[in-house]
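Listed below, chain by chain, are the residues.
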Amino acid sequence: RPHAERLPAPRAMVSFRDDPDDWGPDFYILRDGGYQSLPSRAEVDDAVSGLRQRGYVVHEFDCAGWDRESMHDELAAALDFPEWYARDLDALDDCLSTCEVPDVGGMALVLWNFSTLAARYPIEAAELPEIFGGASHMHLLFGRRFLALLHEEADDGAEDLGHWGGESGLVH
C-alpha cells in the first residue's frame, strides 16, 4: 500500500481502567465500533464536551452544505492530508487510517447534520461510517484513539441511520 511508510511507530496500548465510573463517551463509542450516531444536538454537545475534557482534539464539520467535492476539501484541509489525496472514498479511508492522532486523548470528528448529507448522497453516507470504524480500529492497533460522531436529526425526514455502530445514543 502506498501509505504504509507513513504509519507512525506503535505506542503503548491506550487502555481504559476497569471502572465504569471512569468511562466517558470515548469508551462507549470505541466499544461500539469507533463511530456513533446521535439524534440530538444536546447529545452531541454532551459527548463533545466529555471528549474535550479527556484531551481529545475535536474537528467539527457541518455536512448540511456539503457536496462530494466540499466534503473531501474540508476533511483534507482540517486533517492535513497529503497532496496525493485523490478526494475519493478509497483515499479518504487510507488518509484517515494514517493521519496523525495525538498521544494524549485522541482525535474525534463530529459531522453535524449528517442526515442531510445522507439524504443527498446515500452511497457516501452509507460508506463513511465503515471508513470511520476502520480508521478507528487501525489507530487502536497502534495505541491511538480515533472516533467519529454523526449528528442525525431524528425529525428531519431522513432515513433512520441508527443501525450504524450499534444503537443510537450513548449508553452510560
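Preceding this paragraph is the structure being described.
Some remarks on the sheet that holds strand 4 (residues 146–151)
- Strand order in the open sheet formed by four strands is 1-4-3-2, with parallel pairing between adjacent strands. Strand pairing shows two members of the sheet lacking a second neighbour, strand 1 (35–38) and strand 2 (56–62), which therefore form its edges. Neighbour-to-neighbour, the strand axes of this sheet turn through a mean angle of 15°, independent of strand direction.
- The pairing of strand 2 with strand 3 (residues 106–112) spans seven bridges and is classified as parallel. Within the sheet, the bridge partner assigned to Asp-62 lies in strand 3 and is Trp-112.
- Where helix 3 (residues 68–79) meets the sheet, it contacts strand 2 and strand 3, and its direction lies at approximately 160° from that of strand 2.

Observations regarding the packing of aromatic side chains
- Following the criterion strictly, the structure yields five aromatic pairs and no others.
- Ring centres of Trp-23 and Tyr-28 lie 6.3 Å apart, and the angle between their planes is 75°; on these two criteria the pair is classed as edge-to-face.
- You can call Trp-23 partly exposed: its relative accessible area is 23%.
- Within the aromatic cluster, the residues linked to one another by ring pairs are Trp-23, Phe-27 and Tyr-28.

Definitions and limits used
Residues numbered from 1 in each chain as written. Predicted model: local features only at pLDDT ≥ 70, side-chain atom pairs only at ≥ 80, totals over all residues. Heavy atoms only, no water. Pairing = 2+ DSSP bridges. Helix = DSSP H or I, 4+ residues; strand = E, 2+ residues; numbered from the N terminus. Axes fitted to C-alpha atoms, helices over the stretch in contact; angles between N-to-C directions. Contact = heavy atoms within 4.5 Å. Phe/Tyr/Trp six-rings, centres within 6.5 Å; stacked < 30°, edge-to-face > 60°. Buried < 20%, exposed > 50% of the residue type's maximum accessible area, 1.4 Å probe, protein only.

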